[in-house]
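# Results of the structural survey
Given next are the chains, with one letter for each unit.
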Amino acid sequence: GSGRALPPPGHVSLSTQVAVLARRSVVRTLRQPAQIVPALVFPSFLLAVNAGGLAAATKLPGFPTDSYLDFAWAIMFMQGALFALTGAGKDLATDIQTGFLNRLSLTPLRAPALLAGLLAGVVALALIEAAFYLAVGLTAGATFAAGVGGALVLVALMIVIALAFGSVGAWLALRTGSGEAVEGMFPLVFVLLFLSSMSLPRDLIQQDWFRTVATWNPVSYLIEGMRSVIITGWDGEALGLAFGIGAAVFVVGITLASRSMKTRLVRT
């Protein structure tokens, strides 16, 4: 693995183990331009295409804003959070394939420390992405209906969603031991994105089947929570649903990852 050598886990507290592994994860993330650059460029490109090509949608009766840029801006943050699935999953799969996890299994390292340290890299990438997306949107002329506080809530929500998908990526890596298998899930996640209220509000979607899918799709509510602070202001219901769904996915993902971690450490 990258970073400094780990101190003997048996001689340090859980918090120290987490801190050391978190530093390793953050440094490894920052040293991988191939992981950071696509997470910045691809959402920016899609924003430019959507803001220009779908601007006429704002003329639909009932459309919530007269700026499609404002409407589409939230999608950048959602896409950035989705990149956490492959980022965390590939990093952990690499640790498995290179034998790093095998070596840790011979020490008293506690599984929660490894998972918490891994997710620190997810948070680091999410903060880099959020700062970039904020700069892109504000430079292009987007605004926050909820003001500066709304921007902070948006970043916090993005981090929660990134942790949720990062925990799922960690679970997939531990289950399969393969970075390729984790990457194979990414297109499926993007299908969920495109079958959501990404391009239009759910009540303006004309196709019944599409509107039904978007209504049952949890990704719709994650996007709508992000979008609310941009175009609506403070919407407690939208934010509550978004934070609640993000937290629920994280709890399920980290629980499954923790169980798989124990199994893999015993097996190795």
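All figures in this text were calculated on a predicted structure; none of them were measured in a lab. (Residues numbered from 1 in each chain as written. Predicted model: local features only at pLDDT ≥ 70, side-chain atom pairs only at ≥ 80, totals over all residues. Heavy atoms only, no water.)

### Topic: the overall build of the protein
Rule in force here: Strands are runs of DSSP state E lasting at least two residues, helices are runs of H or I lasting at least four, and both sets are numbered from the N terminus onward. A radius of gyration in this sense is built from C-alpha atoms; the matching globule rule multiplies 2.2 Å by the number of residues raised to 0.38.
Each helix and strand in the protein was counted, giving 10 helices and zero strands. Of the regular secondary structure in the protein, the N- to C-terminal order runs α-α-α-α-α-α-α-α-α-α. Taking 18 Å as the expected radius of gyration for a compact globule of 268 residues, we find that the protein reaches 19 Å, a close match to that expectation. When its C-alpha atoms are laid out on the principal axes, the protein stretches across 65 × 35 × 30 Å.

### Observations regarding empty space enclosed by the protein
So the rule is basically this: Note on definitions: the grid is 1 Å and covers protein atoms alone; a cavity is a set of points where a 1.4 Å probe fits but cannot get out; a pocket is an open set with protein on both sides within 12 Å along at least five of seven lines; lining residues have an atom within 4 Å of a point. Grid points are joined across faces, edges and corners, and a volume is the space filled by probe spheres set on the points. Residues are grouped as follows: nonpolar covers Ala, Val, Leu, Ile, Met, Phe, Trp, Tyr, Cys and Pro; charged covers Asp, Glu, Lys and Arg; every other residue, Gly included, is treated as polar.
Applying the stated criterion across every chain, the model contains three cavities of 30 Å³ or more. Within this model, the largest cavity holds a volume of roughly 90 Å³. What lines the largest cavity is a set of 15 residues, among which Gln-35, Ala-84, Gly-121, Val-122 and Leu-125 lie closest to the centre. Secondary-structure elements contributing two or more residues to the lining of the largest cavity are helix H1 (14-30), helix H3 (68-97) and helix H5 (111-140). Among the elements that take part in the lining of the largest cavity, H5 stands out by supplying six residues, more than any other. Residues of the lining of the largest cavity, tallied by class, amount to seven nonpolar, six polar and two charged.

### Some words on the pattern of salt bridges
Here is the rule we go by: Think of a salt bridge as a Lys or Arg side-chain nitrogen and an Asp or Glu carboxyl oxygen that are within 4 Å of each other. Think of it in three bands: residues with accessible area under 20% of the maximum for their type are buried, residues over 50% are exposed, and the middle band is partly exposed, with areas taken using a 1.4 Å probe on protein chains only.
Enumeration according to the criterion identifies four salt bridges in this entry. The partner of Lys-90 in a salt bridge is Glu-183, with the nearest N and O atoms 3.1 Å apart. Taken as a pair, Lys-90 in helix H3 and Glu-183 in helix H7 (residues 179-194) lie far apart in primary sequence, 93 residues in all. Taking the relative accessible area as the measure of exposure, Glu-183 reaches 38% and is therefore partly exposed. Across the salt bridge formed by Glu-224 and Arg-202, the nearest N and O atoms sit 2.8 Å from each other. Taken as a pair, Glu-224 in helix H9 (residues 218-232) and Arg-202 in the loop between H7 and helix H8 (208-216) lie far apart in primary sequence, 22 residues in all.

### Regarding the packing of aromatic side chains
Filter applied, for reference: Two rings from Phe, Tyr or Trp (for Trp, the six-membered ring) form a pair when their centres are within 6.5 Å of each other. A pair whose planes differ by under 30 degrees is stacked, one over 60 is edge-to-face, and the rest are tilted.
One pass over the structure, following the stated rule, counts 10 aromatic pairs. Between Tyr-68 and Phe-71 the ring centres are 5.4 Å apart and the planes differ by 40 degrees, which places this aromatic pair in the tilted class. Placement of the pair is Tyr-68 and Phe-71 together in helix H3, with a separation of three residues, close to one helical turn. Taking the relative accessible area as the measure of exposure, Phe-71 reaches 1% and is therefore buried. Relative to Phe-194, the ring of Phe-190 has its centre 6.2 Å away and its plane inclined at 45 degrees; by these criteria the two rings are tilted. Residue Phe-190 and its partner Phe-194 are both found in helix H7; the two are separated by four residues, about one turn of the helix. Judged by its relative accessible area of 9%, Phe-190 is buried. Put simply, the rings of Trp-73, Phe-77, Phe-132, Tyr-133 and Phe-144 pair up and form one aromatic cluster.

### A short note on the packing of H3 against H7
Inclusion rule: To get an axis, a line is fitted to the C-alpha atoms, and for a helix only the part in contact is used. The angle between two axes follows their N-to-C directions and goes from 0 to 180 degrees. Working definition: roughly parallel below 35 degrees, roughly antiparallel above 145 degrees, roughly perpendicular at 65 to 115 degrees, and oblique for all remaining angles. Left-handed is the label given to a crossing in which the near helix is rotated counterclockwise from the far helix by less than a right angle, and right-handed is the label when the rotation is clockwise. Note on contacts: a residue pair is in contact if any heavy atoms of the two residues lie within 4.5 Å.
One way to put it is that H3 packs onto H7 with a least axis distance of 9 Å and a crossing angle of 170 degrees. By the angle between their directions, the pair H3 and H7 is classed as roughly antiparallel. The two elements H3 and H7 cross, and the hand of that crossing is right-handed. The residues of H7 that touch H3, namely those facing Met-78, Gln-79, Leu-82, Phe-83, Leu-85, Thr-86, Gly-89, Lys-90, Ala-93 and Gln-97, are Gly-179, Glu-180, Val-182, Glu-183, Met-185, Phe-186, Val-189, Phe-190 and Leu-193. Residue classes in the contact of H3 with H7 are distributed as 11 nonpolar, five polar and three charged.

### A few points about the environment of Val-213
The residue Val-213 is located in helix H8 in this model. Between the C-alpha atoms of Val-213 and Pro-201, which are 12 residues apart in sequence, the distance is 13 Å.

### Thoughts on the layout of surface pockets
By volume, the largest pocket is sized at about 320 Å³. For the largest pocket, the lining is made up of 17 residues, of which Arg-202, Glu-224, Thr-232, Asp-235 and Ala-238 are closest to its centre. Put simply, the parts of the chain that give the lining of the largest pocket at least two residues each are H9 and helix H10 (236-267). Per element, the largest residue contribution to the lining of the largest pocket is six residues, and it comes from H9.

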